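# Examining the three-dimensional arrangement
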Amino acid sequence: MGNIPEEKTSFVGRGTELRLLEGALEEHRLITLTGSGGVGKTRLALRAAERARGHVERRAPEWAGVPVGPAHGRPYPDGVWWVDLSPLYDERTLLITVSDTVGLSDHSLRMPIEALCEWLADRRLLLVLDSCDRVVAACRHLVGELLTAAPGLTVLTTSRQPLGVSGEHVLDVTPLPLEGPGDVLMLFRDRAVTAAPGLRLDDTATAAAAVRICRELEGVPLAVELACAQLDSRSVEHMADLLTSRLTSRLDTLTHDSVWPQRHRALRTAIGWSHELCAPLERLLWARLSVFGGDIDPQDAVAVCTGGPLTADAVLQALEGLAGRSVLRHDGARYRMLDTIREYGAMWLTELGEDKPLADRHAAHFADLARLAHTGWPGPEQVGWYRRITDTHADLCAALNHLLAHEPETAVEMAGRVAFFWSCCGHLHEARIYLEHALDAAREPGPHRTRALWALGVTVMLQGDHEGAYRLGERCATAAWRDQDPESMLSAAYLLSLTCLMMGRAQAGFTVSDRALRERPADPFDSPSQLRCRLVRIFSLTALGRLDESREQAEELRRVCLERGECWTRAYADYQLALIHLLQGRPYEAEAHARSMVSGKEELGDSFGIALGLDLLAASVAAQGDGERAAHAYGTGQAFWRMVGHPQRGTPELAPVRAECERQARAAAGNPAYEDAFHRGLVDDGQSGLARALRGHFPGA
């Protein structure tokens with residue numbers, strides 16, 4: 001259980017440090033690996049985390065009654081979780097990033113720190129916070145709160161400085177030694193042969209040159225890796241001569257001590273050396289790529305970095321050149337830039353006078369991406385757009401931060417377009433933060449502001465504040481009337497009708513949605529709000545007991561969504577059909593639609609929707625008389641409800657259905673068997689439990 005990143009290269013040396021770290025993890029609850037940039041803190045933490053996860057995979061489940069703890073070599077029964085903090089520039093997003101990583105997609109109105117503390121309170125896990133440097137103060141506060149609230153939590157952090165939390169155990173990671181076991185020459189040989197497979201390192205002159213390089217670079221692993229990446233086109237002797245004869249004065253002129261202190265001299269030299277050995281267009285691209293906050297998609301790089309001598313083809317070619325020199329690292333189809341490499345590129349971008357223009361271009365590109373995603377939401381690429389929004393999350397946040405400071409009207413437009421994606425996939429707190437800030441910063445009325453009000457209302461409703469959502473719906477309706485924009489009017493109707501429905505006012509929900517659709521008759525796919533209003537009208541019909549009408553409309557809506565390849569609305573049409581079939585005594589048909597609903601929500605990454613669907617799946621199975629399978633599905637559903645920070649929710653008519661089907665399942669299975677199967681679903685890894693529920697069997701069945 002966990003999310004440890006894959007190690008892309010071999011792990012060399014560090015045997016002593018690894019033993020010390022593993023010993024510290026047994027004795028201390030907070031360990032911080034400190035050291036200069038590029039010294040290997042992340043790789044050491046990654047190897048320790050991977051070894052800890054090996055213990056997790058061999059553990060006995062908690063429900064089996066086997067004691068779990070350090071004495072049994074299994075200290076983390078709830079997993080090892082890795083949080084990469086390097087993209088963070090804003091302390092506000094720290095809590096949300098950590099919560100997302102450990103599986104908490106909080107939909108509640110609680111403060112995020114309160115929700116995270118509650119989520120971790122009874123868990124025993126290892127939380128690794130990598131690259132705390134930009135948010136040290138926020139990490140200090142967060143870690144202190146979490147360690148107090150969660151006695152079973154162990155935290156491992158990497159940072160260039162200690163956090164300063166009481167009880168912190170600090171291990172300083174030093175450069176690799178020049179002699180002895182696990183020395184830097186072992187790393188040099190490993191990386192050199194990888195870069196240049198035909199390279200021979202056994203003759204005297206080459207071996208001496210390798211020693212010169214490692215000594216000049218003071219054993220800093222990242223510096224050595226950057227050096228070895230050049231050996232595909234240069235001899236070791238030539239590289240040693242270059243390193244010892246160039247760059248020092250130029251680097252000292254370029255560098256500011258607040259960014260590159262004295263202890264980073266070797267790394268600074270190696271990065272500068274790699275920079276000098278890059279082709280001119282590669283150097284220019286390196287500088288321009290520093291505006292990205294997360295992993296880099298090649299097409300995004302083309303859109304943001306093309307200009308002047310850098311054509312689109314030249315950008316793609318330079319990306320591969322930089323990857324070949326270890327300036328960038330492949331991560332699937334995307335590229336990753338280490339924080340220290342990004343800092344160096346940012347300094348050159350400032351030297352070139354392009355920092356502001358590139359930040360503007362970056363923000364404009366991701367604002368355009370939000371427009372395209374919004375436009376494509378109802379179509380066959382909907383799932384792809386959800387994944388695209390997820391993949392570019394760090395850069396969307398960076399773009400919004402820039403626009404809030406420099407172009408607030410564009411920030412309102414962008415936040416209103418991207419927030420519905422975020423709110424559906426658990427980023428409710430971020431959606432609310434950016435929407436509220438954008439609405440405060442830009443007061444110009446119009447459809448963009450109305451859309452932002454609507455998105456804020458949806459976010460607030462999903463957090464459970466129905467009264468607040470209704471008030472925002474009224475504001476949205478007033479703004480839409482002023483705009484005289486059909487899409488704004490339908491959006492306001494959707495928000496008001498759904499909020500009425502959630503408050504138990506089904507007739508009002510039906511009246512608002514039905515009137516809006518009758519006043520603006522159109523094809524369901526004429527706009528996103530056409531689809532959404534049709535869906536909430538179906539919900540209202542079900543709540544009113546008009547099941548035949550609701551079923552007919554739901555089947556028609558599902559059909560057109562399948563024809564167009566739309567997933568979000570289709571999944572909720574399946575949800576309604578499952579509920580209707582269940583209410584009308586057809587549990588097998590209900591199960592089929594519940595499975596379809598859960599599968600669709602899984603594609604979108606919508607934990608809230610998965611939780612709703614699992615409840616209906618469990619109820620359908622219970623109505624068939626299979627109590628143990630229903631109990632396991634109920635337990636898995638409860639695990640997802642915990643992820644979103646709510647007890648079971650949904651429209652009001654669902655509660656009595658759930659209660660009755662749970663009673664049937666207990667009666668069919670018997671209390672002991674029911675409780676055992678429920679607990680298996682509850683404590684299972686969320687994705688594994690979901691897969692078992694969809695396959696229709698559970699462990700021990």
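Residues numbered from 1 in each chain as written. Predicted model: local features only at pLDDT ≥ 70, side-chain atom pairs only at ≥ 80, totals over all residues. Heavy atoms only, no water.

## Describing the overall build of the protein chain
The condition is simple: Only DSSP runs of H or I covering at least 4 residues are called helices, and only runs of E covering at least 2 are called strands; the numbering of each starts at the N terminus. For every residue, the accessible area (1.4 Å probe, protein chains only) is compared with the maximum for its type, and the residue is labelled buried under 20%, exposed over 50%, or partly exposed between those bounds. Contacts: residue pairs with any heavy atoms within 4.5 Å of one another. Here the Shrake-Rupley method, with its probe set to 1.4 Å, supplies the accessible areas, and only the displayed protein chains count as covering residues. Under the convention used here, Asp and Glu are negative, Lys and Arg are positive, and both His and the chain ends fall outside the count. Lys charges are placed at NZ, Arg charges at CZ, Asp charges at CG and Glu charges at CD.
In terms of helices and strands, the protein chain carries 33 helices and seven strands. If you line up the protein chain on its principal axes, its C-alpha atoms span 85 × 60 × 45 Å. Taken across its 701 residues, the protein chain has 58% of its residues classed as buried. The contacts in the protein chain between residues at least 6 apart in sequence include a share of 74% that link residues at least 24 apart. When the accessible surface of the protein chain is summed, it comes to about 27,200 Å², and 52% of that surface belongs to carbon and sulfur atoms. Charged side chains in the protein chain number 75 positive and 94 negative. The centres of these two groups are separated by 1 Å.

## Thoughts on the nonpolar core
Rules: Joining through side-chain atoms within 4.5 Å is the link that ties buried Ala, Val, Leu, Ile, Met, Phe, Trp, Tyr and Cys residues into a set, and such a set is a nonpolar core.
Ranked by internal contacts, the top residues of the largest apolar core, which has 177 residues, are Leu116, Leu127, Leu289 and Trp568. Not counting chain neighbours up to four residues away, the residues in contact with Leu289 comprise Ile296, Ala301, Cys305, Leu319, Leu322, Leu328 and Met337. By size, the runner-up hydrophobic cluster in this structure holds 28 residues, among which are Ala209, Ile213, Cys214 and Ala227.

## What about the environment of Ala223?
Note on placement: Ala223 falls in helix H8 (residues 221-228). Relative accessible area serves as the criterion here: at 0%, Ala223 is assigned to the buried category. Between the C-alpha atoms of Ala223 and Arg268, which are 45 residues apart in sequence, the distance is 8.2 Å.

## Overview of the confidence of the model for the protein chain
For clarity, the threshold we go by: A residue's pLDDT is the predictor's confidence in that residue, given on a scale from 0 to 100.
Overall, the prediction assigns the protein chain a mean pLDDT of 86, with 92% of residues at 70 or greater. Averaged pLDDT values for the elements of the protein chain fall to 39 in helix H10 (residues 248-254) and rise to 97 in helix H13 (residues 298-305). Note that residues 56-74 has pLDDT below 50 and, in this model, 25 contacts with residues that lie over four places away or in other chains. Here residues 247-264 is a poorly scored stretch, pLDDT under 50, and it has 33 contacts once near neighbours within four places are set aside; other chains count.

## Brief notes about the environment of Leu435
Checked against the element boundaries, Leu435 lands in helix H20 (residues 428-441). You can call Leu435 buried: its relative accessible area is 0%. Along the primary structure Leu435 and Arg449 are separated by 14 residues, whereas in three dimensions their C-alpha atoms are 9.7 Å apart. Discounting chain neighbours no more than four positions away, the residues touching Leu435 are Ala415, Gly416, Ala419, Ala452, Ala455, Leu456 and Thr459.

## Here we look at the sheet that holds strand S3 (residues 125-130)
Basically, it comes down to this: Strands qualify as paired when DSSP identifies two bridges or more between them. An axis is simply a line fitted to the C-alpha atoms; with a helix, the fit covers only the stretch in contact. Between two such axes, the angle follows the N-to-C directions and lies from 0 to 180 degrees.
Reading across from one edge, S2-S3-S4-S1-S5 is the order of the five strands in this open sheet, with parallel pairing throughout. At either end of the open sheet lies a strand with only one pairing partner, and these are strand S2 (80-84) and strand S5 (169-172). Averaged over neighbouring strand pairs, the angle between their axes works out to 15 degrees when direction is ignored. Pairing geometry for S2 and S3, over five bridges, is parallel. By the bridge assignment, Val80 is partnered in S3 with Leu126.

## As for helix H7 (residues 204-216)
Counted only if it meets this: Helix span, as expected, comes to 1.5 Å for every residue beyond the first. Read the arc as the range of directions from the helix axis to the C-beta atoms. Residues adjacent in sequence count toward polar contacts only when both atoms are side-chain atoms; beyond that, a polar contact is any pair of N or O atoms within 3.5 Å, and within protein one must be able to donate a hydrogen and the other to accept it.
Its 13 residues place the ends of H7 18 Å apart at the C-alpha level, agreeing with the 18 Å of an ideal helix rising 1.5 Å per residue. Looking at H7, one finds that the buried residues are Thr206, Ala209, Ala210, Ile213 and Cys214. All buried residues of H7 lie within an arc of 135 degrees about the axis, which places them on one face of the element. The opening residue of H7, the one whose side-chain oxygen lies 3.3 Å from the backbone nitrogen of Ala205, is Asp203. Within two residues after H7, Glu218 carries a phi angle of roughly 60 degrees, on the positive side.

## Notes on the environment of His362
Positionally, His362 belongs in helix H16 (residues 355-376). Between the alpha carbons of His362 and Ala398 there is a distance of 8.8 Å; along the sequence they are 36 residues apart. Every residue in contact with His362, bar those within four places of it in the chain, is listed here: Val291, Phe292, Val304, Asp395, Ala398 and Ala399.

## Section: the pattern of salt bridges
What counts, and what does not: What counts as a salt bridge is simple: a side-chain nitrogen of Lys or Arg found within 4 Å of a carboxyl oxygen of Asp or Glu.
Throughout the structure, instances matching the rule amount to 43 salt bridges. The closest approach of N and O atoms between Glu7 and Arg47, which form a salt bridge, is 3.2 Å. A residue pair is termed long-range when its members are at least 10 positions apart, and Glu7 in the segment before helix H1 (15-27) and Arg47 in helix H2 (residues 41-57) qualify at 40 residues. Exposure remark for Glu7: the relative accessible area of 21% places this residue in the partly exposed category. The partner of Arg666 in a salt bridge is Glu662, with the nearest N and O atoms 3.6 Å apart. Taken together, the residues span about one helical turn, with Arg666 and Glu662 both in helix H31 (residues 654-669) at a distance of four residues. For Arg666, a relative accessible area of 25% gives the class partly exposed. Taken together, the shared-partner salt bridges connect Asp190, Arg191, Glu225 and Arg329 into one network.

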